[in-house]
Amino acid sequence: MIHMNIILTRIDNRLIHGQVLEAWVPTVNANCIVVANDKIATSAMQKLLMEASVPKGIKVIISAINDVSDILASEELSNTRILLLFATSSDALRAYRLGVEYEKLNLGNMHAGTGKIKYSCTIALDPDDVENLTLIESFGVSIFSQCVPADKEVVWQKMLRLTKN
């Protein structure tokens, strides 16, 4: 089931931060942010800090990946415009497999690290990321890189090809 009130699904390892709040929330007119992340969902302190950073009037829900599909389908969120955030491609894939269907996936920020190749100033992927994103795309999801709304959307496969040349 595609959750029609998800207006933006984004992978950003920083989750809720200035760029999301200042650029994305107003651009997509979101009034609810759902963070699907096991680590933060189980850390009361991190949860509190993240919730405190969001302006009043925007609902914030921080959930474990296994619970996010039920939360998104809940009556409580039926009239909201949801910005859904994942920290990693594996979280986005896991949630999709558990019933969180989305049509588009925005790659916002995926930090460099061991075994990762840098494809843009904000996107570094390892073979697992490429495999996860390829699987997500096979479900019919359109995947693109776009740091801020003013940037042009770059189809993620094109980003990979540009780097290989």
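Scope of this entry: the structure provided in the associated data block. (Residues numbered from 1 in each chain as written. Predicted model: local features only at pLDDT ≥ 70, side-chain atom pairs only at ≥ 80, totals over all residues. Heavy atoms only, no water.)

## Quick look at the pairing of strand β8 (residues 142–145)
Phase 1 of the analysis: In the sheet, strand β5 (residues 104–109) pairs with β8 via four bridges, with the strands oriented parallel. What sits directly across from Asn106, in β8, is Phe144.
Phase 2 of the analysis: Where β8 and strand β9 (residues 154–155) come together, two bridges link them in antiparallel fashion. Its bridge partner being in β9, Phe144 is matched across the sheet by Val155. (Pairing = 2+ DSSP bridges. Helix = DSSP H or I, 4+ residues; strand = E, 2+ residues; numbered from the N terminus.)

## A look at the packing of aromatic side chains
Phase 1 of the analysis: For the structure shown, the criterion picks out three aromatic pairs.
Phase 2 of the analysis: Centroid distance Tyr96 to Tyr102: 5.1 Å. Interplanar angle 85 degrees. Geometry classified as edge-to-face. Residues Tyr96 and Tyr102 agree in their burial class; the two are buried.
Phase 3 of the analysis: Ring centres of Tyr96 and Phe139 lie 4.9 Å apart, and the angle between their planes is 0 degrees; this geometry places the pair in the stacked category. Pair noted here: Tyr96 is in helix α5 (residues 89–97) and Phe139 is in the loop between α6 (127–138) and β8, with a separation of 43 residues, a long-range link.
Phase 4 of the analysis: Three or more aromatic residues link up through ring pairs in this structure, and these residues are Phe86, Tyr96, Tyr102 and Phe139. (Phe/Tyr/Trp six-rings, centres within 6.5 Å; stacked < 30°, edge-to-face > 60°. Buried < 20%, exposed > 50% of the residue type's maximum accessible area, 1.4 Å probe, protein only.)

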